[in-house]
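Notes for the structure review
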Amino acid sequence: MTAFVDLAARLAAEPADAALKDVVLTIAETCAQISRVVASGALSGSLGAAGSTNVQDEEQKKLDVITNDMLSDALKACGPVAGLASEELEEVEPTGRVGGYLVTFDPLDGSSNIDVNVSVGTIFSVLPAPAGHAPTEGDFLQPGRNQVAAGYAVYGPQTMLVVTLSGGVNGFTLSADGRWLLTHPDLAIKPDTAEFAINMSNQRHWAPAVRRYIDGCLQGKDGARGKNFNMRWVASMVADVHRIMMRGGVFMYPWDAREPDKPGKLRLMYEANPMSLLAERAGGKSIEGLNEILDINPAKLHQRVPVVLGSANEVEVIRAEMRAG
Ligand code: AHG
Ligand code: MN
Ligand code: MN
Ligand code: MN
């Protein structure tokens, strides 16, 4: 039986601040608890709608609320955390402490999959907190390059945690006795792919560049791309991005004409930025169309952004289409 390194031991080897490691360990422990609630499903009465609407104007699921409260409570009790922000909370929440770190999170990603037993996840992002004063919303509005840690948990056939602090991207699998064990060290996204992920039902609403790119993929090996493409769409960003971490691919949630005043569906601060840091650290790329997502200066806490993320060479093919207009 292989002896696996656990998360705490792997973090100990990272040249990162001990307080930051405490924050990541707190999030990891909470994700382990969330995985048990997710796995219990109907048995714990955690499926179905909460009967409330969040700031995104989405019908909340019970698990959106339960997991949000679990992470908020854990982070409020974690010394180095000065403030938190969540997909499920309209305002940022200072903890009463100053300095240390800010955490943004999507407590339950893929909510539409909860009641049909398809993989869901948790996404988190850690930013430096301001020194000398309690954090306000403006202190959270930092570009993704400022992140000092980012990661996700995916609650699937295995529960896994994928995280980056100061260096590479490492994957951990939750053991039966509740330990995160290093099973996928130094993850790297393959630079080329023949697999794209997009919600095809929106095809008639896409901008011309996106339609040209997908049409090109669908022409198969006799077409301009010279290869047959496969398609996947889980509708949990965490599951789609995890697949790309494991075998390459490109994930797209572009602008579409259904809500033309919105740049896309996904949220910058707790979906696109953490996933973009992971993607770039694993040798992939992540753009909003022409420019890197990590370079965006946020204007609003819950702002949305188009996302094209994954295998570096395929992202460049899409960027070229976007440049062509
Ligand atoms: P959330 O459940 O946190 O609101 O996020 C859902 C997001 C993302 O996980 C996924 O990629 C996307 O919504 C799926 O959107 P469609 O249902 O429009 O395909
Ligand atoms: Mn989400
Ligand atoms: Mn969510
Ligand atoms: Mn949601």
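Starting from 1, residues in each chain are numbered consecutively following that chain's sequence as written. Key to labels: chains lettered from A, ligands numbered from 1, both in the order written. pLDDT decides what is reported in this predicted model: residues at 70 or higher carry local features, side-chain atom pairs at 80 or more are listed and counted, and totals for whole chains, interfaces and linings draw on all residues regardless. Side-chain descriptors were evaluated using all non-hydrogen atoms of the structure, hydrogens and water having been removed beforehand.

The name given to the protein in an unreviewed UniProt entry is Fructose-1,6-bisphosphatase class 1, with Caulobacter vibrioides as the source organism. UniProt positions are given in the numbering used here, feature names are shortened, and annotations may be inferred rather than shown by experiment. UniProt, in the comment section headed Catalytic activity (unreviewed entry), describes the protein in these words: "beta-D-fructose 1,6-bisphosphate + H2O = beta-D-fructose 6-phosphate + phosphate". In its Subunit (unreviewed entry) section, the UniProt entry covering the protein states "Homotetramer."

1. Side note on the packing of helix α2 (residues 18-40) against helix α3 (residues 62-76)
Axis lines are fitted through C-alpha atoms, for helices just across the contact stretch, and the angle between N-to-C directions can take any value from 0 to 180 degrees. The helix count covers DSSP runs of H or I at least four residues long, the strand count covers runs of E at least two residues long, and both are numbered beginning at the N terminus. At a minimum axis distance of 10 Å, the contact between α2 and α3 shows a crossing angle of 155°. When the axis of α2 is compared with that of α3, the two are roughly antiparallel. Crossing of α2 against α3: the hand is right-handed. For the pair formed by α2 and α3, the contact residues are T26, I27, T30, Q33, I34, V37 and V38 on the first element and L63, I66, T67, M70, L71, A74 and L75 on the second. By the convention adopted, Pro, Cys, Tyr, Trp, Phe, Met, Ile, Leu, Val and Ala count as nonpolar, Lys, Arg, Asp and Glu as charged, and the other residues, Gly among them, as polar. Here the contact of α2 with α3 is composed, by residue class, of 10 nonpolar, 4 polar and no charged. Throughout, the term roughly parallel applies to angles under 35 degrees, roughly antiparallel to angles over 145, roughly perpendicular to angles from 65 to 115, and oblique to all others. Take the far helix as your reference; a near helix turned counterclockwise from it by less than a right angle gives a left-handed crossing, and one turned clockwise gives a right-handed crossing. Every residue pair with non-hydrogen atoms within 4.5 Å of one another is taken to be in contact.

2. A short note on the pattern of salt bridges
One side-chain nitrogen of Lys or Arg within 4 Å of one carboxyl oxygen of Asp or Glu is enough to make a salt bridge. Counted according to the given criterion, the structure contains 18 salt bridges. In this structure, E87 engages R267 in a salt bridge whose closest nitrogen and oxygen atoms are separated by 3.4 Å. Remark: R267 occurs in the loop between β13 (250-253) and α7 (268-281) and E87 occurs in the loop between β3 (81-86) and β4 (93-94); sequence separation between them is 180 residues. Both residues of the pair, E87 and R267, count as buried. As a salt-bridge pair, D295 and R145 come within 2.6 Å of each other at their nearest N and O atoms. In this scheme, a residue with accessible area under 20% of its type's maximum is buried, one over 50% is exposed, and one in between is partly exposed, where area comes from a 1.4 Å probe on protein chains only.

3. Details of the coordination of the manganese ion (ligand 2)
For Na, K and Ca the donor cutoff is 3.2 Å, while for all other metals N, O and S atoms count as donors only within 2.8 Å; water does not appear among the atoms, so some sites may look incomplete. Taken together, the protein donors to the manganese ion (ligand 2) comprise D106 (OD), D109 (OD) and E271 (OE), at separations of 1.9 to 2.1 Å. Counting the intervening residues between successive donors of the manganese ion (ligand 2) yields the motif D-x2-D-x161-E. A distance of 3.7 Å spans the gap from the manganese ion (ligand 2) to the manganese ion (ligand 3), which D106 bridges by coordinating each metal. A relative accessible area of 0% places D106 in the buried class. Classification of D109 as buried rests on a relative accessible area of 4%.

4. Some details on the UniProt feature "binding site: Mg(2+) 2" (unreviewed entry) in the protein
Per the UniProt record, "binding site: Mg(2+) 2" (unreviewed entry) is annotated on D106, D109 and E271. Taken along the chain, the residues just named run across 166 residues; in space they keep tight, none of their C-alpha pairs more than 8.6 Å apart. When the annotated set is filtered for residues lining the largest pocket, what remains is D106, D109 and E271. With respect to the secondary-structure elements, D109 resides in strand β5 (residues 101-109). In this fold, E271 is placed in helix α7. Put plainly, a pocket is an open set of points on a 1 Å grid over the protein atoms alone with protein on both sides within 12 Å along at least five of seven lines, a cavity is a set where a 1.4 Å probe fits but cannot get out, and a lining residue has an atom within 4 Å of a point.

5. Re the sheet that holds strand β11 (residues 195-197)
Judged by pairing direction, the sheet is mixed, and its 5 strands sit side by side in the order β12-β11-β13-β15-β14 without closing on themselves. In the strand order of this sheet, the two ends are held by β12 (230-231) and β14 (285-287), each with one partner. Judged from the 3 bridges that link them, β14 and strand β15 (residues 307-310) form a sheet pairing that is antiparallel. Bridged to K285 within β15 is G310. Two strands qualify as a pair provided that DSSP identifies no fewer than 2 bridges between them.

6. What about the environment of I114?
Inspection of the secondary structure assignment puts I114 in the loop between β5 and β6 (120-128). In this structure I114 comes out as buried when scored by relative accessible area, which is 10%. Here the alpha-carbon distance between I114 and M275, two residues 161 residues apart in the chain, equals 21 Å. Discounting chain neighbours no more than four positions away, the residues touching I114 are L47, K61, L63, L108 and V120.

7. Quick notes on the sheet that holds β4
What the 8 strands build is an open sheet, ordered β4-β3-β5-β6-β7-β8-β9-β10; its pairing is mixed. The open sheet terminates on both sides in strands that have one partner only, identified here as β4 and β10 (180-184). In the sheet, β6 pairs with strand β7 (residues 149-155) via 7 bridges, with the strands oriented antiparallel. Of the residues in β7, the one forming a bridge with F124 is G151. Here helix α6 (residues 237-247) sits on the sheet and contacts β5, β6, β7, β8 (159-164), β9 (169-174) and β10; the angle it forms with β7, its principal contact strand, is near 105°. Where α7 meets the sheet, it contacts β3, β5, β6, β7, β8 and β9, and its direction lies at approximately 85° from that of β6.

8. Quick look at the layout of surface pockets
Grid points are joined across faces, edges and corners, and a volume is the space filled by probe spheres set on the points. The computed volume of the largest pocket comes to approximately 390 Å³. Surrounding the largest pocket, 22 residues form its lining, G110, S111, S112, A235 and K265 being those nearest its centre. Within the residue set of the lining of the largest pocket, elements represented by two or more residues are β5, α6 and β13. Tallying contributions element by element places β5 first for the lining of the largest pocket, with 3 residues. Each residue belonging to the lining of the largest pocket can be placed in one class, and the counts come to 7 nonpolar, 5 polar and 10 charged. Mapped onto the domain boundaries, the lining of the largest pocket takes at least three residues apiece from domain 1 (7-184) and domain 2 (195-324). For the second largest pocket, the lining is made up of 17 residues, of which V38, A39, N117, V118 and Y155 are closest to its centre. Residue contributions to the lining of the second largest pocket peak at 3 residues, all from α2. Source of the domain bounds: an automatic or database domain assignment.

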